[in-house]
Amino acid sequence: MTSSIVHDTQIEPSSNQVIRCHECHYHVKIPVLTHKQAAYCPRCNYQLTVYHESSSQKIIALALTALVFLVASLPFEFLSFSASGQSQSINLLNSFDVLIENNYEILALLEAIFMLILPSSILLTLLYVLVPLELGFRLPKTDAAVDVIFLLIPWAMAEIFLIGVLVSLTKIMSLADIAIGLSFYAYVFFTIFMTITLYYVDKHQLKKSLNTNHVEIHSQINKSLSVQKTWALLVTSVLLYIPANALPIMHTNTLGNDEPSTILGGVILLWKMGSYPIAIIIFIASVFVPLAKLFILCWLNYSVQVESDQKKTERIYWYRVTEFVGRWSMVDVFVVAILVSLIQLDNLMSIVPGYAALAFCGVVICTMLAAITFDSRLIWLTSNTTEGRINND
């Protein structure tokens, strides 16, 4: 494997240059940035880049720390559940085994991908890019590696999984004794350090550190293809949304009695138990957000299809909202996965997922893909060059 020598191992401040806004295709002149300054597009207010001094060293240190905590979260007990003299405990790895042994392979795969495989892949790829630069050389395919990092970031859901665990504990706290193991605390610290790591990651600055003459390449706008793909994904989401809410998302078997629970039924149960904050979180994440996201994306896609020239600022704002909140709907899927892994006490009590779990996961994935295939540049029809606004971060 060959490597090329680079003379600049530190991410330096931005130099004067014109870059094209990712969201509206506007040409923006970026001046030199100082520590914690961010450049914004003057037309759509998209954050083009932010500069942090010594960001590469910070990312390396934080990513390594996060990986250490992730490794520490694997071998020890994560959660334990005991009722009527019977107990069940899991760590993160054997939680997947429990799901697979009970023929829930797809649920196990989705959980592993979103809360373990993708987060660790992002951190390892960051180290692949930045560690050699700090040592004075560059590994092959680092430009492609940076693109992969930002492709994976929206799908890494460690913090959402953690919220799902807390919701699961709230749901079963009144049914049995719950104990939290060392792996749980390690995963909490992993989530914290990964979040801080991503705070310092900036695509423009990373690309600049790899090649001082880097020019951002933007694909041609294909309105017809973007609109068609987005409509197809939105129609699929609507079709999946019906069984996701009508069918049980999980079944609780207690002494031979099957108690099915829908998403809305789970919200009502939490409310009756007095867990009002958790009930509100689940209602917003699993009922309100998916429905609102479908309506917003349909409105956005229709507006660009008919070439509407109205409310451009409002449309780009709501597009960003859908991008940000859509992934949080996965919390209910993680709740089901945790409860199924933890509560398997034979005839005394067991929980199995319902068909709605996979349907709802499909809704979340399809709406996220719809937000990706929707080309926000279609909202804006002209491109010019101007000075970008600078804000202290």
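Parameters and conventions
- Residues numbered from 1 in each chain as written.
- Predicted model: local features only at pLDDT ≥ 70, side-chain atom pairs only at ≥ 80, totals over all residues.
- Heavy atoms only, no water.
- Helix = DSSP H or I, 4+ residues; strand = E, 2+ residues; numbered from the N terminus.
- Buried < 20%, exposed > 50% of the residue type's maximum accessible area, 1.4 Å probe, protein only.
- Contact = heavy atoms within 4.5 Å.
- Pairing = 2+ DSSP bridges.
- Axes fitted to C-alpha atoms, helices over the stretch in contact; angles between N-to-C directions.
- Expected span 1.5 Å × (residues − 1).
- Bend = angle between axes of the 7 residues up to and from the residue.
- Salt bridge = Lys/Arg side-chain N within 4 Å of Asp/Glu carboxyl O.
- Phe/Tyr/Trp six-rings, centres within 6.5 Å; stacked < 30°, edge-to-face > 60°.
- Core = buried A, V, L, I, M, F, W, Y, C linked by side-chain atoms within 4.5 Å.
- Patch = residues over 30% accessible without salt bridge, like charges linked within 9 Å, V, L, I, M, F, W, Y side chains within 5 Å.
- Areas by Shrake-Rupley, 256 points an atom, 1.4 Å probe, with all protein chains shown as cover.
- pLDDT = per-residue confidence, 0-100.

1. A short note on the overall build of the protein chain
Link 1 in the chain: Within the protein chain one finds 13 helices and 15 strands.
Link 2 in the chain: Looking at the protein chain as a whole, 50% of its 393 residues qualify as buried.
Link 3 in the chain: Sequence-distant contacts in the protein chain: of pairs separated by 6 or more residues, those separated by 24 or more amount to 75%.

2. A short note on the sheet that holds strand E9 (residues 177–180)
Pairing between the strands of a sheet comes from backbone hydrogen bonds, and it takes one of two forms, parallel or antiparallel.
Link 1 in the chain: The 3 strands are arranged E7-E6-E9 in an open sheet whose pairing can be described as antiparallel. Either end of the sheet is taken by a strand with one partner, and the two such strands are strand E7 (86–90) and E9. Across the sheet, the mean angle from the axis of one strand to that of its neighbour is 15 degrees, orientation sign disregarded.
Link 2 in the chain: Direction of pairing for strand E6 (residues 79–83) relative to E7: antiparallel, over a ladder of 5 bridges.

3. Description of helix H3 (residues 105–135)
Note: α-helices contain 3.6 residues per turn, so residues at a spacing of three or four share the same orientation.
Link 1 in the chain: Taking 1.5 Å as the rise per residue, H3 with 31 residues should run 45 Å; its terminal C-alpha atoms sit 42 Å apart, in good agreement.
Link 2 in the chain: A bend of about 45 degrees at Ile-113 is the largest found in H3.
Link 3 in the chain: Looking one or two residues beyond H3, the residue adopting positive phi is Gly-136, at roughly 100 degrees.

4. Side note on the pattern of salt bridges
Link 1 in the chain: Enumeration over the complete set of coordinates arrives at 8 salt bridges.
Link 2 in the chain: One salt bridge connects Arg-320 with Glu-23, and the closest N-O pair in it is separated by 2.7 Å. On the criterion of sequence distance, the pair formed by Arg-320 in helix H11 (residues 312–325) and Glu-23 in the loop between strand E2 (17–20) and strand E3 (27–30) is long-range, its members being 297 residues apart.
Link 3 in the chain: Take Arg-320: its relative accessible area is 23%, and that puts it in the partly exposed class.
Link 4 in the chain: The class for Glu-23 is buried, based on a relative accessible area of 4%.

5. A closer look at helix H10 (residues 276–305)
Link 1 in the chain: Between its first and last C-alpha, H10 extends 41 Å over 30 residues, near the 44 Å set by a 1.5 Å rise per residue.
Link 2 in the chain: The largest bend along H10 reaches roughly 40 degrees and is located at Phe-288, with the proline Pro-290 sitting one to four residues downstream.
Link 3 in the chain: Once H10 finishes, Glu-307 follows within two positions and takes phi at roughly 60 degrees, a positive value.

6. Looking at the packing of aromatic side chains
Link 1 in the chain: Following the criterion strictly, the structure yields 14 aromatic pairs and no others.
Link 2 in the chain: For the ring pair Tyr-319 and Phe-374, a centre distance of 5.4 Å and an interplane angle of 45 degrees mean the geometry is tilted. Here Tyr-319, found in helix H11, pairs with Phe-374, found in the loop between helix H13 (355–373) and strand E14 (385–387); they are 55 residues apart in sequence, far enough to count as distant.
Link 3 in the chain: When its relative accessible area of 2% is taken as the criterion, Phe-374 is described as buried.
Link 4 in the chain: Taken together, the ring pairs in this structure connect Phe-78, Phe-161, Phe-184, Tyr-185, Tyr-187, Phe-190 and Phe-334 into an aromatic cluster.

7. Re the nonpolar core
Link 1 in the chain: One finds Leu-79, Phe-161, Tyr-187 and Met-330 to be the most contacted residues of the largest nonpolar core, which totals 116 residues.
Link 2 in the chain: When residues in this core are grouped by element, the largest group, 15 residues, is from H3.
Link 3 in the chain: The contacts of Leu-79, once residues within four sequence positions are left out, are Gln-88, Ser-89, Ile-90, Val-165, Leu-169, Ala-179, Ile-180, Phe-184, Ile-338 and Leu-342.

8. Regarding the pairing of strand E4 (residues 37–40)
Link 1 in the chain: Of the two faces of E4, both are covered, the one formed by Gln-37 and Ala-39 as well as the one formed by Ala-38 and Tyr-40.
Link 2 in the chain: Sheet topology places E4 next to strand E5 (residues 47–51); 4 bridges connect them, and they run antiparallel. Among the inter-strand pairings, Tyr-40 is bridged to a residue of E5, identified as Gln-47.
Link 3 in the chain: Here E4 folds back onto E5 in antiparallel fashion, the turn holding 6 residues, of which Asn-45 has a positive phi close to 65 degrees.

9. Some thoughts on a nonpolar patch on the surface
Link 1 in the chain: There is a patch of nonpolar side chains on the surface, built from Leu-264, Ile-268, Trp-271, Tyr-276, Ile-280, Phe-283, Ile-284 and Phe-288 and spanning about 780 Å² of accessible area.
Link 2 in the chain: When residues of the nonpolar patch are traced back to their parent elements, those giving at least two are helix H9 (263–272) and H10.
Link 3 in the chain: Per element, the largest residue contribution to the nonpolar patch is 5 residues, and it comes from H10.
Link 4 in the chain: Positionally, Leu-264 belongs in helix H9.
Link 5 in the chain: Judged by relative accessible area, which is 43%, Leu-264 ranks as partly exposed.

10. Describing the environment of Ile-60
Link 1 in the chain: Its place among the elements puts Ile-60 in helix H1 (residues 55–72).
Link 2 in the chain: Classification of Ile-60 as buried rests on a relative accessible area of 13%.
Link 3 in the chain: In this structure, Ile-60 is in contact with Leu-127, Leu-130, Val-131 and Glu-134, ignoring residues within four places of it in sequence.

11. Topic: the side chain of Asn-301
Link 1 in the chain: As for its placement among the helices and strands, Asn-301 is situated in helix H10.
Link 2 in the chain: Setting aside chain neighbours within four positions, we find Asn-301 in contact with Ser-226, Val-227, Thr-230, Trp-231 and Phe-374.

12. So, the confidence of the model for the protein chain
Link 1 in the chain: Of the residues in the protein chain, 87% have a pLDDT of 70 or more, and the chain-wide mean is 83.
Link 2 in the chain: Segment residues 1–14 is flagged for pLDDT under 50; beyond a separation of four residues in sequence, or across chains, it makes 43 contacts in the model.
Link 3 in the chain: Under a pLDDT of 50 for its full length, residues 382–387 has, in the predicted model, 18 contacts with residues more than four places off or in other chains.

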